[in-house]
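Understanding the architecture of this molecule
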Amino acid sequence: MITLYGIPNCSTVKKARQWLSDNGLDYHFHDFKKQGADAASLERWAAAVGLAKLINRQGTTWRALPDEVKAGADQLPAALALMQANPSVIKRPVLDAGGKISVGFFEADWAERLLK
């Protein structure tokens, strides 16, 4: 089972969804804006890829955060609370393909993993 997590209007998420469809792969889309992100999933993703990769420190949501919130984002409890309160700070898309987690859309990597 493939689950793609993201925000529908994100250009990278749009590319990822199109790629999955173009390659005939069935997937479930989980919209962070409407459905949020549960702590258990966030914790699992952080363990798989690390907080540094999971938190989008380039976006406008991150830049608008107070410095004290940003400073705490390196610690798991604070990072989980931050991502749940502000799902836009999660780097997108998050792909869960059979329990293997990746963050971001890299066509060559996805082809190698998903088109075997």
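The structure contained in this document is the topic of the report that follows. (Residues numbered from 1 in each chain as written. Predicted model: local features only at pLDDT ≥ 70, side-chain atom pairs only at ≥ 80, totals over all residues. Heavy atoms only, no water.)

A separate point is the sheet that holds strand 1 (residues 2-6). The four strands are arranged 2-1-3-4 in an open sheet whose pairing can be described as mixed. Bordering the open sheet on either side are strand 2 (28-31) and strand 4 (100-103), each of which pairs with just one other strand. Ignoring strand direction, the axes of neighbouring strands in this sheet form an average angle of 20 degrees. With four bridges connecting them, strand 1 and strand 3 (residues 94-97) associate as antiparallel partners. The partner of Thr-3 across the bridge, within strand 3, is Asp-96. Contacts between helix 3 (residues 39-49) and the sheet are confined to strand 1, strand 3 and strand 4, with strand 4 contributing the most and set at about 80 degrees to the helix. Contacts from helix 8 (residues 107-114) reach strand 1, strand 3 and strand 4, with the element oriented near 15 degrees to strand 3. (Pairing = 2+ DSSP bridges. Helix = DSSP H or I, 4+ residues; strand = E, 2+ residues; numbered from the N terminus. Axes fitted to C-alpha atoms, helices over the stretch in contact; angles between N-to-C directions. Contact = heavy atoms within 4.5 Å.)

This part takes up the nonpolar core. Core analysis: the largest hydrophobic core is formed by 36 residues, its most contacted members being Met-83, Val-94, Trp-110 and Leu-114. Elements that contribute at least two residues to this core include exactly strand 1, helix 1 (11-22), helix 3, helix 4 (51-54), helix 7 (76-85), strand 3, strand 4 and helix 8. Excluding anything up to four places from it in sequence, Trp-110 contacts Leu-4, Ala-16, Trp-19, Leu-20, Pro-93, Leu-95, Ser-102, Gly-104, Phe-105 and Leu-115. (Core = buried A, V, L, I, M, F, W, Y, C linked by side-chain atoms within 4.5 Å. Buried < 20%, exposed > 50% of the residue type's maximum accessible area, 1.4 Å probe, protein only.)

Across all of its chains, the model carries six aromatic pairs by this definition. Taken together, a centroid distance of 6.2 Å and an interplanar angle of 55 degrees make the contact between Phe-32 and Trp-45 tilted. Residue Phe-32 is found in helix 2 (residues 32-35), and its partner Trp-45 is found in helix 3; the two are separated by 13 residues along the sequence. Comparing Phe-32 with Trp-45 shows no difference in burial state: the two are buried. (Phe/Tyr/Trp six-rings, centres within 6.5 Å; stacked < 30°, edge-to-face > 60°.)

The next point concerns the environment of Ala-73. Relative to the assigned elements, Ala-73 resides in the loop between helix 6 (67-72) and helix 7. Distance in space between the C-alpha atoms of Ala-73 and Met-83 is 9.2 Å, their sequence separation being ten residues. Setting aside chain neighbours within four positions, we find Ala-73 in contact with Leu-51, Ile-55, Arg-57, Trp-62, Ala-79 and Leu-82.

Take it as geometry only, folks, not as evidence of what the structure does.
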